[in-house]
Amino acid sequence: MASRAEELTLVGLCDVEVDSKRHACSFLTNKVGGLPDWSPFTSRRSPRCGRCGAPLAHVVQVYCPLEASRYHRNLHVFACTGAECSSRSDCWKVLRSQCLEEEAVARTSSRPDPAQEAPPSATDWCDTADDWGVMEEEEEEEDGWGGGVKKDRQVPEEAAAPHTEAGEVDVSSQLQDLRLVDSQEEEEEEEVPVLRAFFISVVDESDLCGEEDDDDLRHAQRLLREYERREGVAVGELEDGGGGRGGGGGGGGGEEKYEKTRARHGDAVFSRFMKKISLCPQQILRYCRGGRPLFVSEPPAAVATMPAPCGSCGGTRTFELQLMPALVSLLRRTDGGGGGGGGGEADLEFGTVLVYTCVNSCWTSGSAVEEFCFVQTDPDQQLFK
């Protein structure tokens, strides 16, 4: 997925579940859940909740290089699965990582399998941005991006033979140290909740207008009719802009129309949200760097200045992507912990999560940059079930 010069919205949809035996993931993969695949030479981070201090679960990974950039670029979204935390912005974190094309190519060329293709250049990837990367199904056991499978360390028979008593003690102590390190790493990994992983596929939102998926359209229209009947309002009349149907009273008519047709619960913003996603209610992510976010409820008064400046370079931040309500039902822990388990309630609840990133996409090698996110709760969650 790449940034485009014009304002183009890409819509993310849930694809097949990631099968570790058949699929290999890397930093080029777009996915829900699983463990993060950091770009080469980026130090791994395990962010923690700003409220309760618990380790955060990895929610979404997006590969999103910028147009004409020499950098591969990723966004990783994390969240706390605590019951009191998932609806709070300080319990979510977004980390951006980057690496130069040359670094990725050098890392690839150092891998033992010469048949493995080098990653595409960041510029070339822009031309195929709509292919949010289901990787080849057959890969070697080691993923090559710092996440390889641990292998048992064995001491050759001759070395293990007790030539001297002192030598035997040395070998035993070394093996014990190695096992201790491994067990500590395993404990740290077990401490972090892991969500079931799914690939993300993508469509251009403008292409949805030409699709004739009768089942999805009927479902969307049924939801709209139910909402209109319950709230006593026609959703089409709540759209922004003053050029609605004729009538109504002189200058500022658009604003008056907005007031007159306000939904019973008073949330016209939510009505516009429903109208916008009605053509594809199963969308789990929207991407439009530099575009306008789609709020699910009334935004803060100072929404224009809401994103804090970049903590790295001090530059302004711009909207880049948001997570959608349909994603909630996919967020289940692999260990069956939390509220989700195999088929209960989701571990996380939210209306939408807005992600803002540094307009300069500043980068110094080595450490991921924290970006800004804003969580809105869902005012009417049952509409998305």
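These numbers were taken from a predicted model, which means no experiment stands behind them.

For the rest of this paragraph, the subject is the overall build of the protein chain. Counting secondary structure elements, the protein chain contains seven helices and ten strands. Looking at the protein chain residue by residue over its 385 residues, the buried ones come to 47%. Intrachain contacts of the protein chain at a sequence separation of at least 6 include 76% that bridge at least 24 residues. Surface exposure of the protein chain reaches about 19500 Å², of which carbon and sulfur atoms provide 48%.

Glancing now at the pairing of strand β6 (residues 198-204). Where burial is concerned, most of β6 is hidden: six out of the seven residues are buried. Pairing analysis gives six bridges linking strand β1 (residues 10-17) to β6, with the strands arranged antiparallel. Considered in β6, the bridge of L13 is made with S201. Pairing geometry for strand β2 (residues 31-32) and β6, over two bridges, is antiparallel. Looking at β6, one finds that K31 is bridged to F199.

On to the sheet that holds strand β8 (residues 317-323), then. Taken in spatial order, the ten strands close into a barrel running β1-β6-β2-β3-β4-β5-β10-β9-β8-β7, and their pairing is antiparallel. The sheet contact formed by strand β9 (residues 352-358) and strand β10 (residues 369-376) spans five bridges and is antiparallel. Residue pairing in the sheet places T352 in a bridge with Q376 of β10.

Taken as a whole, this structure holds five aromatic pairs when the rule is applied. Summarising the aromatic geometry, the rings of F27 and Y63 are spaced 6.3 Å apart at their centres and angled 70° between planes, so their arrangement reads as edge-to-face. Remark: Y63 occurs in strand β3 (residues 57-63) and F27 occurs in the loop between β1 and β2; sequence separation between them is 36 residues. For the pair F27 and Y63, a shared accessibility class is recorded, and that class is buried.

Before going further, it helps to examine the nonpolar core. V59, V60, W92, L323, L327 and F350 are the most contacted members of the largest nonpolar core, which has 42 residues in total. The contacts of W92, once residues within four sequence positions are left out, are V59, V77, F78, A79, S86, L323, L348, F350, V353, C373 and V375.

Position of C64 among the secondary structure elements: in the loop between β3 and β4 (71-79). Separated by eleven residues in sequence, C64 and L75 have C-alpha atoms that sit 7.3 Å apart.

Turning our attention to the pairing of β1. As paired elements, β1 and strand β7 (residues 285-287) share three bridges and run antiparallel to each other. Paired with V11 across the two strands is R286, which belongs to β7.

This next bit is on the pattern of salt bridges. Tallied over the full model, the rule gives ten salt bridges. A salt bridge links R317 to E371, with the nearest nitrogen and oxygen atoms 2.8 Å apart. With R317 in strand β8 and E371 in strand β10, this residue pair connects regions lying 54 residues apart in the sequence. Here R317 matches E371 in class, with each residue buried. Among the charged side chains, a salt-bridge network with shared partners connects R73, R289 and E320.

Here the structure, examined in full by the defined rule, presents zero disulfides. Looking at the unpaired C80, the closest cysteine sulfur is the one in C52, lying at 3.7 Å.

The next subject is unusual backbone geometry. At F41, a position not held by glycine, the phi torsion is positive, near 70°. The residue F41 is located in the loop between β2 and β3 in this model. Exposure remark for F41: the relative accessible area of 49% places this residue in the partly exposed category. A positive phi angle, near 60°, is found at A68, a position not held by glycine. You can see A68 is positioned in the loop between β3 and β4.

Structurally, G351 can be placed in the loop between β8 and β9. Classification of G351 as buried rests on a relative accessible area of 0%. If we skip the residues at most four places from it in the chain, G351 touches V296, L323, M324, P325, Q376, T377 and D378.

So, on to the confidence of the model for the protein chain. Regions with low pLDDT should not have their predicted coordinates read in detail. Of all residues in the protein chain, 61% have pLDDT values of 70 or greater, and the mean over the chain is 74. The low-confidence segment residues 240-261, where pLDDT is below 50, has 18 contacts with residues more than four positions distant or belonging to other chains. Counting interchain partners and residues more than four positions distant, the pLDDT-below-50 stretch residues 340-344 has nine contacts.

Moving on, we get to the environment of I200. Structurally, I200 is set in strand β6. Between the C-alpha atom of I200 and that of V62, which follows or precedes it by 138 residues, the distance is 8.8 Å.

Now for helix α7 (residues 268-277). Residue pairs three or four apart in sequence face the same way in an α-helix, which turns once every 3.6 residues. Counted residue by residue, α7 has eight buried out of ten residues, so it is predominantly covered. Taken residue by residue, α7 has A268, V269, F270, S271, R272, F273, M274 and I277 as its buried positions.

Thresholds applied
- Residues numbered from 1 in each chain as written.
- Predicted model: local features only at pLDDT ≥ 70, side-chain atom pairs only at ≥ 80, totals over all residues.
- Heavy atoms only, no water.
- Helix = DSSP H or I, 4+ residues; strand = E, 2+ residues; numbered from the N terminus.
- Buried < 20%, exposed > 50% of the residue type's maximum accessible area, 1.4 Å probe, protein only.
- Contact = heavy atoms within 4.5 Å.
- Areas by Shrake-Rupley, 256 points an atom, 1.4 Å probe, with all protein chains shown as cover.
- Pairing = 2+ DSSP bridges.
- Phe/Tyr/Trp six-rings, centres within 6.5 Å; stacked < 30°, edge-to-face > 60°.
- Core = buried A, V, L, I, M, F, W, Y, C linked by side-chain atoms within 4.5 Å.
- Salt bridge = Lys/Arg side-chain N within 4 Å of Asp/Glu carboxyl O.
- Disulfide = S-S within 2.5 Å.
- pLDDT = per-residue confidence, 0-100.

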